[in-house]
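Notes for the structure review
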Amino acid sequence: MPSADQSYRQQGPVAPASNFAPSGAALVLLAMTLSLGAAVSLGITRFAYSLLLPPMRADLGWSYTVAGAMNTANALGYLLGALLTPRLLRRCTADQALLGCALLASAVMALGAVLTDTPLLLAQRLLAGVVSAVIFMTGGLLAAQLGALSPSRSGLLLGLVYGGVGWGIALSSGLVPPVLEAAQGVAHSWRWAWAALGVACLLASLGLWAGVRWLRRWQALAPRQSAQQAGLDRVAVFRWRDFVPALAGYLCFGMGYIGYMTFVIALLRQEGASGAQTSFFFALLGLAVVGSGRLWAGLLDRWKGGQPMAVLNALLGVATLLPVLTQVWPVMLLSGIAFGAVFLSVVASTTALVRHNLAPGAWMAGIGAFTLIFAAGQVIGPTLTGMVSDGAGGLRLGLLFSALTLWAGAALALLQKPLAQPATSSNPKG
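Attention here is on the structure that accompanies the text. What you see is a predicted model; the values in this text were computed from it and never measured. By convention here, each chain's residues receive numbers from 1 onward along its written sequence. Reporting of local features is limited, given that this is a predicted model, to residues whose pLDDT is at least 70; pairs of side-chain atoms are given and counted only at 80 or more, and all residues count toward the totals for whole chains, interfaces and linings. Neither water nor hydrogens contribute to the side-chain values; these are computed over all heavy atoms in the structure.

Here we come to the overall build of the protein. Helices and strands together make up the secondary structure of the protein, namely 17 helices and zero strands. Contacts spanning at least 24 positions in sequence make up 87% of the contacts within the protein whose residues lie at least 6 apart. Total accessible area computed for the protein in this model is approximately 15500 Å², and 67% of it derives from carbon and sulfur atoms. Secondary structure is summarised from DSSP: a helix means a run of H or I of at least four residues, a strand means a run of E of at least two, and numbering begins at the N terminus for each. Any two residues whose heavy atoms approach within 4.5 Å are treated as being in contact. For the area figures, the Shrake-Rupley method with a 1.4 Å probe applies, and any residue is considered shielded solely by the protein chains shown.

Quick look at the nonpolar core now. With 128 residues, the main nonpolar core has Phe47, Val165, Phe253, Tyr257 and Phe343 as its most contacted residues. By residue number, the principal contributor to this core is helix H10 (residues 244-270), which donates 14 residues. Each residue touching Phe253, except ones within four places of it in the same chain, is listed here: Asn313, Leu316, Phe343, Val346, Val347, Phe374 and Leu406. Buried Ala, Val, Leu, Ile, Met, Phe, Trp, Tyr and Cys residues form a nonpolar core when they are joined through side-chain atoms within 4.5 Å. Each residue's exposure class comes from its accessible area (1.4 Å probe, protein chains only) as a fraction of the maximum for that residue type: buried when under 20%, exposed when over 50%, partly exposed otherwise.

A few words on the environment of Ala338. In this fold, Ala338 is placed in helix H14 (residues 329-340). Put simply, Ala338 and Leu315 are 23 residues apart on the chain and 8.1 Å apart in space, counted from C-alpha to C-alpha.

Right, let's talk about the side chain of Ser132 for a bit. By secondary structure assignment, the location of Ser132 is in helix H6 (residues 118-149). As used in this structure description, the phrase polar contact means that two N or O atoms lie within 3.5 Å; if the pair is within protein, one of them must be able to donate a hydrogen and the other to accept it, and residues adjacent in sequence are counted only when both atoms belong to side chains. Here Ala128 takes part through its backbone oxygen, which lies 2.8 Å from a polar atom of the side chain of Ser132.

Before going further, it helps to examine the environment of Ala413. Along the chain, Ala413 turns up in helix H17 (residues 394-413). Ala413 gets classed as buried once you look at its relative accessible area, which sits at 0%. Residues in contact with Ala413, not counting those within four places in the same chain, are Pro245, Gly249, Gly306, Met309 and Ala310.

Our next topic: a nonpolar patch on the surface. Nonpolar side chains collect at one region of the surface, where Leu76, Leu80, Leu83 and Leu84 lie side by side and expose about 330 Å² of accessible area between them. Leu83 sits in the partly exposed class, given a relative accessible area of 48%. Patches draw on residues past 30% relative accessible area with no salt bridge. Two like charges within 9 Å are joined, as are two nonpolar side chains (Val, Leu, Ile, Met, Phe, Trp, Tyr) within 5 Å. We define a salt bridge as a contact between a side-chain nitrogen of Lys or Arg and a carboxyl oxygen of Asp or Glu at a distance within 4 Å.

Our next topic: the packing of aromatic side chains. Here a pair means two rings of Phe, Tyr or Trp (six-membered ring of Trp) with centres within 6.5 Å. Their orientation is stacked below 30 degrees between planes, edge-to-face above 60, and tilted elsewhere. Enumeration according to the criterion identifies 17 aromatic pairs in this entry. With a centroid separation of 5.6 Å and 15 degrees between ring planes, the pair formed by Tyr257 and Phe374 is classed as stacked. Here the residue Tyr257 occupies a position in helix H10, and Phe374 occupies one in helix H16 (residues 363-389), the gap between them amounting to 117 residues. Positioned above the aromatic ring of Trp303 is the side chain of Arg302, whose terminal nitrogen or guanidinium carbon lies 5.7 Å from the ring centre. By the criterion adopted, a ring carries a charge over it if an Arg CZ or a Lys NZ lies within 6 Å of its centre and within 35 degrees of its normal.

This next bit is on the side chain of Thr405. Tracing the backbone through its elements, the reader meets Thr405 in helix H17. Other than its neighbours up to four places away in sequence, Thr405 contacts Cys252, Met255 and Gly256.

Attention now moves to the pattern of salt bridges. Applying the stated criterion across every chain yields a total of three salt bridges. One salt bridge in this structure joins Arg216 and Asp95, with 2.8 Å as the shortest N-O distance. Here Arg216, found in helix H9 (residues 190-221), pairs with Asp95, found in helix H5 (residues 94-111); they are 121 residues apart in sequence, far enough to count as distant. Overall, Arg216 belongs to the buried group, its relative accessible area being 12%. Ionic pairing is found between Arg396 and Glu271, a salt bridge with its closest N-O pair at 2.9 Å. Of the two residues, Arg396 is situated in helix H17 and Glu271 in the loop between H10 and helix H11 (275-295); the sequence distance between them amounts to 125 residues. Of the residues examined, Arg396 reaches a relative accessible area of 29% and is grouped as partly exposed. When its relative accessible area of 37% is taken as the criterion, Glu271 is described as partly exposed.

Looking now at unusual backbone geometry. Despite not being glycine, His188 shows a phi value in the positive range, around 50 degrees. Relative to the helices and strands, His188 is located in the loop between helix H8 (164-182) and H9.

Turning to the packing of H5 against H6, a few remarks are in order. Helix axes are fitted only over the stretch in contact, all axes being lines through C-alpha atoms; the angle between N-to-C directions runs from 0 to 180 degrees. Orientation of H5 relative to H6, taken along the N-to-C sense of each, is 150 degrees, at an axis distance of 8 Å. Judged on the interaxial angle alone, H6 and H5 are roughly antiparallel. Crossing angle aside, the handedness with which H5 passes H6 is left-handed. Facing H5, whose interface residues are Ala94, Asp95, Ala97, Leu98, Cys101, Ala102, Leu104, Ala105, Val108, Met109 and Leu111, H6 presents Gln124, Leu127, Ala128, Val131, Val134, Ile135, Thr138, Gly139, Leu141 and Leu142. Residue classes follow a fixed rule: Ala, Val, Leu, Ile, Met, Phe, Trp, Tyr, Cys and Pro count as nonpolar, while Asp, Glu, Lys and Arg count as charged, and any other residue, Gly among them, counts as polar. Split by residue class, the contact of H5 with H6 holds 17 nonpolar, three polar and one charged. Between 65 and 115 degrees an angle is taken as roughly perpendicular, under 35 as roughly parallel, over 145 as roughly antiparallel, and anywhere else as oblique. Here a crossing is taken to be left-handed if its near helix is turned anticlockwise relative to the far helix by less than a right angle, and right-handed if that turn runs clockwise.

Our next topic: the packing of H10 against H14. Direction vectors running N to C along H10 and H14 enclose 150 degrees, while the axes themselves pass 12 Å from each other. On the basis of their axis angle, the class for H10 and H14 is roughly antiparallel. As H10 packs across H14, the resulting crossing turns out to be left-handed. On H14, the residues touching Tyr257, Tyr260, Met261, Leu267 and Leu268 of H10 are Trp329, Met332, Ser335, Gly336 and Phe339. Considering only residue class, the contact of H10 with H14 consists of eight nonpolar, two polar and no charged.

All we've got here are geometric facts, nothing functional implied.
Right under this line is the structure:
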């Protein structure tokens, strides 16, 4: 597996200039451009399915178990993609893998427009998961490299990059319902929404390409770092045993959050929410994701152990529990906003944990390990939640299962201690 440094060197010769220092506004703009990768990999490719689930389930006669199996197939593909990414990075740069798979994601999403057979749709969701994992892992590496350009802003920049998932969710919520409404009366009308999402992925991929080029130009201009700045005072090799509590907590996160994202729209429709209301709910959730980058930046910068993941998992469990307690519309909106404001910051907390404790050469291995665990949780979560939801308690019992899983993840993550304190940090906490 190439290291982060190797991936950096593969971009071409570096001509350092010691006076180069990008402004805060420019860094934020670049982070938002790079966030288009997260918009494609999860915001559109994965989470837009929640909006398509009700019409597809009604049209194709699916049970909740089958509906959950669609996300399980997607998560299994994500797991396969996480396993394949290190091999892929031996043959191409991180930039090439990121941009190539973003284009493939566009084609795979559009493929949903020509399929109606359940096994073929399962295969389509599997392929979407494979390319999503490659995009998310390589995008995470670029996010870590961007944070290295301005360590004092790294928490904010990581949050903004991962917050791109929110842009994808918001875009999907504004795109899918109008397309479904326009296609009413057409056989399998939901297929038109798949085509529209494929076009959205393609446009986002073009913006992502510009962001990648921008980042590499800045890296070429940035001064070479001292050994201390480069993180050589940190642990140089990723070891699974050093991160067992955080990995276990992240597994619970992967199992717990995906149940909410898979079935909350179905619960809203079951309780009588209109298409406009569900679209509004999903858009608010997505916009909350976008805003979460600034909200939790200090938490990610200040703590070097598992505390951020623990706090965020605990809050996410509360947001997941609210629809179990009541279906009052304002409370449901509060649940969506709270969930959106937290869940992608759990992902950002793993990249922050890797950056705080590992040297740059071990970043890709650390990000890859957390991605594998994330994928494994997502494989298990949707089907388990669907099976629970098919029982007497329905979707509410399924979400209760998700909330309990998230709280278990919070308890486990709290056990993670920092491996090393970077000497460049002042008054570090742990």
